[in-house]
Amino acid sequence: MNPTRADALELMEEWTASLSLRTHMLAVEAAVVAYARSFGEDEELWAVAALLHDFDYERHPNPDRDESGHPYVGVRELEARGYPAVVTDAILGHADYTGVPRVTRLAKVLYACDELTGLITAATLVRPDKDIAGLGVPSLKKKFKDKAFARGVNRDDVVRGAEEIEVDLWEHVAFVLQAMQARADALGLAGTAG
């Protein structure tokens with residue numbers, strides 16, 4: 001099977017009612033596709049993995065981190081539909097507790113972008129104008145160091161992700177920020193006038 005972005009988007013929307021979770025997956029897609037473009041990789045395939053990495057999270061949260069919940073349920077669904085292993089392995093690898101190693105560039109990039117997009121989104125939404133266009137790396141550095149800000153964002157995962165893709169942390173932050181800024185309207189981050 002050669003899944004398309006349209007297929008992935010339809011499946012993600014079918015399984016995910018939460019606008020914030022949908023937007024998170026779109027934000028991760030923006031960053032992952034930007035990396036695919038910069039590395040000369042398959043943008044469509046990388047978009048599919050990014051759009052579906054959390055598609056089962058709402059229906060099957062996994063407080064026990066066992067195979068009865070996210071991301072295992074979603075991966076079983078994708079395997080049943082014939083999605084390629086490069087996608088399913090990347091989705092399993094984005095959750096450290098699965099123990100699935102991140103060996104492909106796609107898996108490493110998905111992991112590197114996941115938590116970081118959450119930090120960038122949170123930093124945008126606390127701005128008075130809620131406009132990502134005015135957000136810069138210096139502001140994100142301050143937010144990153146403030147452990148009380150966006151507590152759900154695992155800073156260690158952000159650092160590890162940059163290390164795994166062998167990119168300086170703050171260059172990585174700037175790259176992901178720019179990718180999200182390019183899709184500000186779709187992410188609901190174009191400001192109060194947007």
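You'll find the structure just up there.
All of the points below concern the structure found in this document. (Residues numbered from 1 in each chain as written. Predicted model: local features only at pLDDT ≥ 70, side-chain atom pairs only at ≥ 80, totals over all residues. Heavy atoms only, no water.)

1. Topic: the overall build of the protein chain
When helices and strands are counted, the protein chain shows nine helices and zero strands. Written out in order from the N terminus, the α and β elements of the protein chain read α-α-α-α-α-α-α-α-α. For 194 residues, the compact-globule formula gives about 16 Å, and the C-alpha radius of gyration of the protein chain, at 16 Å, lands near that figure. Projected onto its principal axes, the C-alpha coordinates of the protein chain cover approximately 45 × 35 × 35 Å. Excluding contacts between residues fewer than 6 apart, the proportion of contacts in the protein chain whose partners are at least 24 apart in sequence is 65%. Placing the 21 positive and 32 negative side-chain charges of the protein chain at their respective mean positions leaves the two points 8 Å apart. (Helix = DSSP H or I, 4+ residues; strand = E, 2+ residues; numbered from the N terminus. Rg over C-alpha atoms; globule rule 2.2 N^0.38 Å. Contact = heavy atoms within 4.5 Å. Lys, Arg positive; Asp, Glu negative; His and termini not counted. Charge placed at Lys NZ, Arg CZ, Asp CG, Glu CD.)

2. A look at a negative patch on the surface
There is a patch of like negative charges on the surface, built from Asp7, Glu10, Glu13, Glu14, Asp42 and Glu44. Ranked by residue count, the leading element in the negative patch is helix α1 (residues 5-15), at four residues. Among the secondary structure elements, Asp7 is positioned in helix α1. (Patch = residues over 30% accessible without salt bridge, like charges linked within 9 Å, V, L, I, M, F, W, Y side chains within 5 Å. Areas by Shrake-Rupley, 256 points an atom, 1.4 Å probe, with all protein chains shown as cover. Salt bridge = Lys/Arg side-chain N within 4 Å of Asp/Glu carboxyl O.)

3. A word on helix α9 (residues 169-182)
Relative to the 20 Å expected for 14 residues at 1.5 Å per residue, α9 spans 20 Å between its end C-alpha atoms, a close match to the ideal helical length. Within α9 the residues assigned to the buried category are Leu169, His172, Val173, Val176, Leu177, Ala179 and Met180. End-on view of α9: buried residues confined to an arc of 160°, all on one side of the axis. Seen from the buried face of α9, the exposed residues on the opposite side, beyond 90 degrees, are Glu171, Gln178 and Ala182. Where α9 is buried, its residues meet α2 (19-39), α6 (105-125), α7 (137-145) and α8 (155-164). Between the side-chain oxygen of the N-cap and the backbone nitrogen of Trp170 there are 3.0 Å, and the N-cap of α9 in question is Asp168. (Expected span 1.5 Å × (residues − 1). Buried < 20%, exposed > 50% of the residue type's maximum accessible area, 1.4 Å probe, protein only. Arc of directions from axis to C-beta. Polar contact = N/O pair within 3.5 Å; in protein donor to acceptor, adjacent residues only side chain to side chain.)

4. Some words on unusual backbone geometry
Cis geometry is found at the peptide bond from His70 to Pro71, where omega equals -5°. In this fold, Pro71 is placed in the loop between α3 (43-52) and α4 (72-80). Residues other than glycine seldom take positive phi values, yet Ala150 does so here, at roughly 45°. Positionally, Ala150 belongs in the loop between α7 and α8. Ala150 gets classed as partly exposed once you look at its relative accessible area, which sits at 22%.

5. Observations concerning the packing of aromatic side chains
Remark: the centre distance and the inter-plane angle together describe each pair of aromatic rings, the angle taken between the planes. Tallying each qualifying case throughout the model produces four aromatic pairs. Consider the rings of Tyr35 and Phe39, whose centres lie 5.6 Å apart with planes at 20°: the pair is stacked. With Tyr35 and Phe39 both in helix α2, this residue pair falls four residues apart, about one helical turn. In this structure Phe39 comes out as partly exposed when scored by relative accessible area, which is 27%. Residue placement shows Arg105 over the ring face of Phe39; its charged tip is 4.0 Å from the ring centre. Across the ring face of Phe144, the terminal group of Lys147 is positioned such that the distance to the ring centre comes to 5.8 Å. (Phe/Tyr/Trp six-rings, centres within 6.5 Å; stacked < 30°, edge-to-face > 60°. Lys NZ or Arg CZ within 6 Å of the ring centre and 35° of its normal.)

6. Focus on the packing of α2 against α9
Two numbers describe how α2 lies on α9: the axes approach to 8 Å, and their chain directions differ by 110°. By the angle class used here, α2 and α9 are roughly perpendicular. Our pair here, α2 against α9, has a crossing hand that is right-handed. Residues Ala27, Ala30, Ala31, Ala34, Tyr35 and Ser38 of α2 form the contact with α9, whose own contacting residues are His172, Phe175, Val176, Ala179 and Met180. The residue makeup of the contact of α2 with α9, split by class, is nine nonpolar, two polar and no charged. (Axes fitted to C-alpha atoms, helices over the stretch in contact; angles between N-to-C directions. Parallel < 35°, antiparallel > 145°, perpendicular 65-115°, else oblique. Left-handed = near helix turned anticlockwise from the far one by under 90°. Nonpolar A, V, L, I, M, F, W, Y, C, P; charged D, E, K, R; others polar.)

7. Quick word on α1
Every buried residue belonging to α1 is among Ala8, Leu11, Met12 and Trp15, and all of these are buried. Down the axis of α1, the buried set is contained in an arc of 100°. They therefore lie on one face. Every exposed residue of α1 that faces more than 90 degrees away from the buried side is listed here: Ala6 and Glu10. Buried residues in α1 make contact with α2, α3 and α4.

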